[in-house]
Structures are given as C-alpha cells and as structure tokens.
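# Geometric and topological summary
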Amino acid sequence: MDNAVPLSAIVLGVLVLAGLAVLGLAGWRLWRVLKRAQSRLTEAGAALAAEADRLQAQAAALPERQAELQAAIASVQRRAAVLGVLAGSASEALAVLKAPLRYVGR
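Just so you know, these numbers come straight off a predicted model, no measurement behind them.

### Some remarks on the overall build of the protein chain
Helix and strand counts for the protein chain come out as three helices and zero strands. Order of helices (α) and strands (β) in the protein chain, N terminus to C terminus: α-α-α. A globule of 106 residues ought to have a C-alpha radius of gyration of about 13 Å, yet the protein chain, at 25 Å, is considerably larger. In terms of its C-alpha atoms, the protein chain occupies a principal-axis envelope of roughly 95 × 25 × 15 Å. Per-residue burial over the protein chain gives 12% buried out of 106 residues. Expressed as a percentage of contacts within the protein chain between residues at least 6 apart in sequence, the contacts between residues at least 24 apart total 69%.

The structure is reproduced here in structure tokens:
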C-alpha cells in the first residue's frame, strides 16, 4: 500500500503521454491531408484559370458563339470563386494547425 500513490502517478503519466501521442498523430495526419488538399486546390485553380483564358480567347475569335462561351466563362468564374473560398479555408486550417509549432520552436 505504500507504493499506491507513486504507482498511480506513474500510470496516470503513461496514460497522458499515450493520449498526447495519439492526439499528435491525429494532428499530423490532418495536417498532411490539409496540405495535400491545398496543393490539389491550387492545381485545380490554375487549371480553371487556364480554361477561363482559353475560353476568353475563343470568345474573342468567334463572335457568333459569344453568348454560349460567355455562359461557360461565367460558369468557370463561379467555380473559380468557390475554389478560391475552399483554398482560403484550407490555408486558414493549415495556419491553425501550424500555430502551435510557433511555441515549440519550428
């Protein structure tokens, strides 16, 4: 019975460390997923911008199809705006995940 308090403290310490390890692993995985998603969103944004430029060039070259192409351009611009919001949210989430690293020294 003399060792009950120190033994309990050791067990509690081990459980806390195990919990922190699990939490750290989950945070690291989330950071990786968000980083990967942010790069995919950036690539998709570049592709949408290229598509919008291509459609704009076609609209200037073919006046008879201008209304159809303008609708497609507007659609691409709306998708680009949504993508911009998603990229901003991903960047914000990544910044939130990186915030504790300032205290650690990275």
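### Some details on the environment of valine 104
Within the secondary structure, valine 104 sits in helix H3 (residues 101-104). A relative accessible area of 63% places valine 104 in the exposed class. Taking the C-alpha atoms as reference, valine 104 lies 40 Å from arginine 78; in sequence the two are 26 residues apart.

### Let's talk about the packing of helix H1 (residues 4-61) against helix H2 (residues 66-98)
How two helices sit against one another is set out by the angle between their axes and by the gap between those axes. Across the interface, H1 lies against H2 with an axial gap of 9 Å and an inter-helix angle of 160°. Between H1 and H2, the crossing angle belongs to the class labelled roughly antiparallel. Viewed along their axes, H1 and H2 form a crossing whose handedness is left-handed. Across the contact of H1 with H2, the residue classes break down as 21 nonpolar, seven polar and four charged.

What counts and how
- Residues numbered from 1 in each chain as written.
- Predicted model: local features only at pLDDT ≥ 70, side-chain atom pairs only at ≥ 80, totals over all residues.
- Heavy atoms only, no water.
- Helix = DSSP H or I, 4+ residues; strand = E, 2+ residues; numbered from the N terminus.
- Rg over C-alpha atoms; globule rule 2.2 N^0.38 Å.
- Buried < 20%, exposed > 50% of the residue type's maximum accessible area, 1.4 Å probe, protein only.
- Contact = heavy atoms within 4.5 Å.
- Axes fitted to C-alpha atoms, helices over the stretch in contact; angles between N-to-C directions.
- Parallel < 35°, antiparallel > 145°, perpendicular 65-115°, else oblique.
- Left-handed = near helix turned anticlockwise from the far one by under 90°.
- Nonpolar A, V, L, I, M, F, W, Y, C, P; charged D, E, K, R; others polar.

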